[in-house]
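For reference, the chains in residue letters:
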Amino acid sequence: MKAAIQRARIAHKKALELLHEDVCDIYELESVRDEATKITKQRPVIAWEQVPCKLSFESLDAVTMGDGAAEKKISIKLFLSADIEVKEGSKIIVRHQGEETAYQRSGVPAIHATHQEIMLEPFERWG
C-alpha cells in the first residue's frame, strides 16, 4: 500500500511540475563582518537560482477603500517544489510571462508531499 501511495505522489509531482512555466531566484540575507571596521552588515546572497515555479493570481471579493478610491485585493501565490526551502524574509524574483517582479514571502508556506504554496506580497525592502 505504501509503495502505491509513493508512486502516486511521484506521478502527481511530475504532473504539477509540467505546469511550472515560470522561474524564480530566491535571495536571503547573510551576515558579513568587515574586518577593517569590525562591523557586521547584512548583504543579499542567492540561495536558489532558476527554480521552476508557477505564479498564480486570484482576485479577492473584498474591496478596500484607500484614499477615497476603491482598491481590489489580489492574492498572489507561488507554487514550487517542496524540496526548496524559502526562509522568512527572503526576496523572491519571479520571471512570469516575460516580466520580472520582486516579491517577499508573506506567510508560512503550505508544504505538501508533492509541492509547496507560498503566499507573496510585493517586495518593499529588506527587513
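What you are looking at is a predicted structure, and each value in this text was computed from that prediction instead of being measured.

(A) Inspection of the overall build of the protein chain at higher detail. The secondary structure content of the protein chain amounts to one helix and seven strands. Relative to its length of 127 residues, the protein chain is extended, with a C-alpha radius of gyration of 18 Å against a globular reference of 14 Å. The principal-axis extent of the C-alpha atoms belonging to the protein chain is close to 60 × 50 × 30 Å. Counting the 127 residues in the protein chain, one finds 26% classified as buried. By sequence separation, contacts in the protein chain at least 24 residues apart represent 53% of the contacts at least 6 residues apart. Positive and negative side-chain charges in the protein chain, numbering 18 and 21 respectively, have mean positions lying 6 Å apart.

(B) Summary view of the side chain of Gln104. Relative to the assigned elements, Gln104 resides in strand 5 (residues 99–105). Gln104 sits in the buried class, given a relative accessible area of 15%. Among the polar contacts listed, one links the side chain of Gln104 to the side chain of Glu121, at a separation of 2.8 Å.

(C) Layout of the packing of aromatic side chains. As enumerated under the stated definition, the model contains one aromatic pair in all. Aromatic side chains Phe123 and Trp126 sit 5.3 Å apart centroid to centroid with 70° between the ring planes, which places their arrangement in the edge-to-face category. Judged by its relative accessible area of 23%, Trp126 is partly exposed. The ring of Phe123 has Lys91 lying over it, and the distance from NZ or CZ to the ring centre is 4.7 Å.

(D) A look at the environment of Ile74. Note that Ile74 resides in strand 3 (residues 69–80). Counting along the chain gives ten residues from Ile74 to Ile84, while the straight-line C-alpha distance between them is 25 Å. Filtering out sequence-adjacent residues up to four positions away, Ile74 remains in contact with Phe57 and Glu58.

(E) Main features of the nonpolar core. Core analysis: the biggest nonpolar cluster contains 15 residues, and Cys24, Leu78, Leu80, Ile92, Val94 and Leu120 have the highest contact counts within it. At the level of elements, strand 1 (22–34), strand 2 (39–66), strand 3, strand 4 (91–96) and strand 7 (116–122) are the ones that each hand at least two residues to this core. In contact with Leu78, other than residues within four places in its own chain, are Cys24, Cys53, Lys54, Leu55, Ile92, Val94, Gln116, Glu117, Ile118 and Leu120.

(F) The arrangement of the side chain of Asp25 in detail. Tracing the chain through its elements places Asp25 in strand 1. Residue Asp25 is classed as buried on the basis of its relative accessible area of 9%. At 2.8 Å, the side chain of Asp25 forms a polar contact with the backbone nitrogen of Gln50. At 3.3 Å, the side chain of Asp25 and the side chain of Arg95 are in polar contact. For Asp25, the contacting residues outside a window of four places in its chain are Ile46, Trp48, Glu49, Gln50, Lys91, Ile92, Ile93 and Arg95.

(G) View of the environment of His115. Mapping His115 onto the fold places it in the loop between strand 6 (110–111) and strand 7. Since its relative accessible area comes to 12%, His115 is described here as buried. Separated by 102 residues in sequence, His115 and Lys13 place their C-alpha atoms 6.9 Å apart. Each residue touching His115, except ones within four places of it in the same chain, is listed here: Leu16, Phe79, Leu80, Ser81, Ala82 and Ala110.

Cut-offs and rules
Residues numbered from 1 in each chain as written. Predicted model: local features only at pLDDT ≥ 70, side-chain atom pairs only at ≥ 80, totals over all residues. Heavy atoms only, no water. Helix = DSSP H or I, 4+ residues; strand = E, 2+ residues; numbered from the N terminus. Rg over C-alpha atoms; globule rule 2.2 N^0.38 Å. Buried < 20%, exposed > 50% of the residue type's maximum accessible area, 1.4 Å probe, protein only. Contact = heavy atoms within 4.5 Å. Lys, Arg positive; Asp, Glu negative; His and termini not counted. Charge placed at Lys NZ, Arg CZ, Asp CG, Glu CD. Polar contact = N/O pair within 3.5 Å; in protein donor to acceptor, adjacent residues only side chain to side chain. Phe/Tyr/Trp six-rings, centres within 6.5 Å; stacked < 30°, edge-to-face > 60°. Lys NZ or Arg CZ within 6 Å of the ring centre and 35° of its normal. Core = buried A, V, L, I, M, F, W, Y, C linked by side-chain atoms within 4.5 Å.

Just distances and angles here, no functional claims.
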